[in-house]
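The primary structure of each chain is shown beneath.
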Amino acid sequence: MHFVYSLPLLAVVSVSASAAAISSPCPLAGPDLQAPHYPSNTTSVQRAVQVFKQSVATALSNSSSVFALDPNGTTFSFEAWSIHETAPIYTFHHNAELLAAPEEGVVNVTSDTTYRLGSLSKLLTVYTWLAAVGDEHWFEPITNFIPELEAYDAQHSSSTNHLDQFRWSDITIAALANQLSGIQKDPALPKALFTQLTPIPNLPSPVDLPIDAQGLNCTTYSFLPCTRTTYLNSILVSHPVYAPETQPVYSDMAYSLLAFALENITGSSFNDIFANHLVKPLNLTSTYTEAPTDLSKSIIPINDSVAVFTPSLSYLQPGGGFYSSLNDIGAIGRSMLSHTLLSPRLTRQWMKPSSFLPDGKSAVGAPWEIYQALGTNKTTWMYTKSGDLGAYSTHLILLPDYDSGFTILTAGMRTASVSRILADIAATAFVPAFESAAREEASTRFTGEYAFSGPNAAGNGTDTFEIVLSTDDGPGLLVANYSINGVDMRTAFAALARTTANNTQLRLYPSGLTAPGEQGTVLQGYRMIRYNPNSMAPTPDGAVFSSPRCQEWFNIGGYTSRMGYGAQGGLDEFAMVVGEGGEGVAQGLAVKTWDKVLAKVG
C-alpha cells in the first residue's frame with residue numbers, strides 16, 4: 001500500500017507554463033557549500049599555488065607590468081592558510097637586495113620576523129575589546145566611559161553650533177569601531193609645528209592649542225601628544241567632520257578612545273588587557289603594543305630613522321602602532337574564523353558591513369575593509385584590514401565563506417604598492433580556487449544517491465525515498481532527483497510556482513546549524529531553495545523593484561510556516577549525516593519533515 005499523502009503540495013498537478021529563457025540561479029549570500037576541509041589536497045588549490053608562484057615571479061622580474069613588485073627595495077612575507085589544516089597552504093618570503101645591510105634587525109625574514117603593522121592594529125584593538133568585554137557596551141555612548149568627553153558635553157550642552165562642537169553623547173562604541181563616529185583622522189598639531197610642516201603658503205595662523213596640548217617635548221613620532229590630557233585636548237579643539245552614523249570617515253583617534261574606554265570598563269591598562277585577552281590565549285610570541293626591547297628578530301629597513309620601527313605613536317598606538325609576525329597574524333586570523341576567542345554568534349555579528357562605500361563593491365566594518373572578490377560564480381566578500389606606517393605595509397584578508405585567509409607583511413621602499421599588488425595576486429589566484437575546492441570536496445563527500453525503504457508510520461505499508469545530489473556550475477548541491485513512493489517531488493514543488501518540473505531547480509544550501517547524531521555522527525543542516533524560470537531569468541534593463549531575480553531569501557524556511565510543519569521539520573529542511581567532527585564522506589541524508597534518514601547508497 002502506498003504512502004498516504006495529506007499535503008496538497010504532494011498532489012501531482014499538471015501545470016501549463018509558457019517557456020522562459022533560463023539563466024543561472026542567483027546564489028544566496030554566504031557559503032553555498034561546506035568550506036573545504038582539505039584545500040591543500042584539491043587540484044584547484046594546488047593549481048592556485050602554482051599560479052601565485054608564477055605571478056609573483058613575473059611581478060618581481062617585469063618592471064614594466066602594472067602589477068610590478070619591487071624586487072630590490074621591498075622585503076615581504078606571504079601566507080595562505082585554512083583553519084582546517086595545521087600547516088599553511090603556502091608560505092613565501094622575499095628578501096630585497098637593497099635591504100641586505102640594515103643597521104639592526106634581520107637580513108632574511110622568516111615567519112617569526114616582527115614587522116610593524118600600521119593600521120592593522122585597529123583590527124587587533126577591536127578584537128581585544130570584544131574578547132575582553134564582548135558587545136555588552138557596544139551601543140552605549142563614549143561619554144559613559146571617558147569623563148573628559150562627558151565634561152565637554154556638559155560644558156556645551158546649550159550650544160546649537162554643531163559645525164564646530166562635538167556632541168560626544170551621540171557617538172557610540174560601535175560608531176567608533178565602525179569608522180562612523182564622524183571625528184577627524186588625527187590629533188591637531190600645535191601652532192609651532194603646523195607652520196613648519198605645511199607647504200601651503202599664506203595660510204591663516206592656526207588657533208593656538210592649550211599649553212598642555214602642545215607636546216613639543218615629547219619623544220613620540222611626529223610630535224604627537226604624549227599625555228592623556230594633551231591628547232584629549234588636541235582632539236577637543238578640532239571640529240566634527242560629519243554627524244555620527246552618517247558617512248565613513250577614517251579616524252586613527254577613534255581607536256585611542258576605544259582603548260581609554262576599555263581601560264575604564266576593566267580597570268586595567270590597555271597593554272595588560274591586550275596581553276591577557278589576545279596574546280596569552282593565542283600563544284603569540286611576536287605580537288606587541290610597543291616596540292620589542294630585543295630588535296634582533298625584527299625587520300628594520302636601512303635604519304630605525306628611515307623605517308619608523310621603534311618610535312611610539314603615543315595614544316595612537318591602538319590605531320596604528322602595533323607589531324607582529326606572519327605566524328602570529330595567521331594565528332589571529334585563524335582564531336577569528338575558528339571562534340577561539342569570540343562566540344560564533346558574536347563573530348558573525350562582527351563580520352558584517354556597517355556602511356557601504358561609493359563603488360557599491362566595497363564596504364566598511366569594525367574596522368573591516370570589505371571587498372567583493374572577482375572570479376567566482378557568486379558574491380564573495382573578503383573581510384580585510386590593511387595598515388601603512390613608515391617603511392611598512394600590511395594586510396590580513398579573511399574569506400569566511402571558505403574558512404581561509406591570507407597574511408601579507410611588507411617592509412622597505414615601496415611597501416604600499418607591493419602589499420596591495422600581492423593582495424590582488426593572491427585573491428585572483430586563490431579565491432576562485434577555494435570555491436572550486438569546496439565544489440571538489442562536495443562532489444566527493446556529498447554527491448550521490450541516498451535511499452530509504454521501510455514501514456510507513458501507520459504500519460500498513462512501505463515508504464520509499466530516493467534523493468540524488470550532484471554538483472554543477474550552479475550554487476549549492478543540485479537535487480537531481482527527489483521522489484517519495486514514486487512521486488516526483490520536483491514536479492510537486494513546481495506546482496507551487498505554477499510551472500513545470502523542467503523549469504524548476506531544487507538546490508541544497510548549508511545553513512551552518514548542527515546537531516549531534518547517533519553513534520558520534522554530526523548532523524549538518526541544509527535548506528532547499530527552489531528556483532523557477534522567473535528567478536533565474538536575467539534582470540531586464542531598468543528593473544529594480546520589479547525584478548524577480550535574487551529574491552529567494554524571501555522564501556527560505558517558508559514551507560515550514562506555511563505548511564504547518566515547524567516542530568517536525570519544514571519541507572525544505574534537510575541534514576547531512578557526517579562522521580565525528582563533521583569529517584569524511586556523508587553517511588546519510590535526513591529528510592526532516594518525514595523524520596527519515598536516507599542512507600548513502602551510491
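Everything quoted here is computed from the prediction, not taken from an experiment.

Help me understand helix α8 (residues 270-279), please; the structure alone is not making it clear to me.
Structurally, the α-helix is built with 3.6 residues per turn, so residues lying three or four positions apart point the same way. Considered for burial, the residues of α8 that qualify are F270, I273, F274, L278 and V279. The arc that holds the buried residues of α8, viewed along the axis, is 155 degrees, so those residues lie on one side. Buried residues along α8 sit in contact with α2 (120-133), α7 (253-266) and α10 (317-320).

Which parts of the structure should I look at to understand helix α3 (residues 147-155)?
For α3, the full list of buried residues reads L149, Y152 and D153. Summarising the axial view, the buried residues of α3 lie within an arc of 95 degrees, below the 170-degree limit, and thus occupy one face. Residues of α3 that are exposed and point more than 90 degrees away from the buried face comprise A154 and Q155. Along its buried surface, α3 packs onto α6 (228-236) and α7.

What am I meant to see in the sheet that holds strand β9 (residues 392-399) here?
The strands making up a sheet are joined through hydrogen bonds of the backbone, oriented either antiparallel or parallel. Read across the sheet, eight strands follow the order β2-β1-β10-β9-β8-β7-β6-β5 without closing on themselves; strand pairing throughout is antiparallel. The two strands at the open ends of the sheet, each matched to only one other strand, are β2 (90-94) and β5 (355-356). For strand β7 (residues 369-372) and strand β8 (residues 381-389), the ladder comprises four bridges, and the chain directions are antiparallel. Each bridged residue has a counterpart across the sheet, and for E369 the counterpart in β8 is T384. Packed on one face of the sheet, α2 meets β8 and β9 and runs near 120 degrees to β8. Contacts between helix α11 (residues 326-338) and the sheet are confined to β1 (74-82), β2, β9 and β10 (404-412), with β1 contributing the most and set at about 30 degrees to the helix.

So what exactly am I meant to see when it comes to a nonpolar patch on the surface here?
On the surface, L98, I302, V306 and M413 cluster together into a nonpolar patch covering about 360 Å² of accessible area. Relative to the helices and strands, L98 resides in the loop between β2 and β3 (115-116). According to the relative accessible area criterion, L98 is exposed, its value standing at 54%.

Would you mind showing me how to read the side chain of R116 here?
Residue position: R116 is located in strand β3. Within polar-contact distance, the side chain of R116 engages the backbone oxygen of G321 at 3.2 Å.

Whenever I open this one, the packing of aromatic side chains confuses me. Can you help?
Centre distance and the angle of the planes are the two values used to describe a pair of aromatic rings. Under the definition given, this model contains 29 aromatic pairs. Aromatic pair F52 and Y90: ring centres 5.9 Å apart, planes at 70 degrees, arrangement edge-to-face. One end of the pair, F52, is in helix α1 (residues 43-61); the other, Y90, is in strand β2, and 38 residues separate them in sequence. Summarising the burial analysis for this pair, F52 and Y90 share the class buried. For the pair F406 and F430, a centre-to-centre distance of 5.7 Å together with 50 degrees between the ring planes defines the contact as tilted. Placement of the pair is F406 in strand β10 and F430 in helix α13 (residues 415-445), with a sequence separation of 24 residues. With relative accessibility at 0%, the residue F406 sits in the buried group. For F430, a relative accessible area of 0% translates into the label buried. A connected cluster of aromatic rings, assembled from ring pairs, spans F52, F76, F78, Y90, F92, Y402, F406, F430 and F434. If you follow K600 out to its NZ or CZ, it ends over the ring of Y450, 5.9 Å from the centre.

What counts and how
- By convention here, each chain's residues receive numbers from 1 onward along its written sequence.
- Totals for whole chains, interfaces and linings use every residue, but because this is a predicted model, local features are given only for residues with pLDDT of at least 70 and side-chain atom pairs only at 80 or more, for both listing and counting.
- To obtain the side-chain values, all non-hydrogen atoms of the structure were used and water was disregarded.
- Think of it in three bands: residues with accessible area under 20% of the maximum for their type are buried, residues over 50% are exposed, and the middle band is partly exposed, with areas taken using a 1.4 Å probe on protein chains only.
- For the purposes of this entry, the term helix denotes a DSSP run of H or I that reaches at least four residues, the term strand denotes a run of E that reaches at least two, and both are numbered from the N terminus.
- Here, the arc refers to the directions that run from the helix axis to the C-beta atoms.
- Working rule for contacts: check all heavy atoms of both residues, and any pair within 4.5 Å makes them a contact.
- Paired strands are those between which DSSP finds at least two bridges.
- Only C-alpha atoms enter the line fits that serve as axes; for helices the fit covers just the stretch in contact. Angles between N-to-C directions range over 0 to 180 degrees.
- To count toward a patch, a residue needs a relative accessible area above 30% and no salt bridge. Like charges then connect within 9 Å, nonpolar side chains (Val, Leu, Ile, Met, Phe, Trp, Tyr) within 5 Å.
- Computed with a 1.4 Å probe, the accessible areas rest on the Shrake-Rupley method; for each residue, only the protein chains presented here act as cover.
- Salt bridge, as applied in this entry: a Lys or Arg side-chain nitrogen positioned within 4 Å of an Asp or Glu carboxyl oxygen.
- In the analysis that follows, any N or O atom pair within 3.5 Å is treated as a polar contact, provided that within protein one partner can donate a hydrogen and the other can accept it, and provided that, for residues neighboring in sequence, both atoms belong to side chains.
- Two aromatic rings, drawn from Phe, Tyr or Trp (for Trp, its six-membered ring), form a pair once their centres lie within 6.5 Å of each other, and the interplanar angle then sorts them: stacked below 30 degrees, edge-to-face above 60, tilted otherwise.
- Charge-over-ring placement is defined geometrically: NZ (Lys) or CZ (Arg) within 6 Å of the ring centre, and within 35 degrees of the ring normal.

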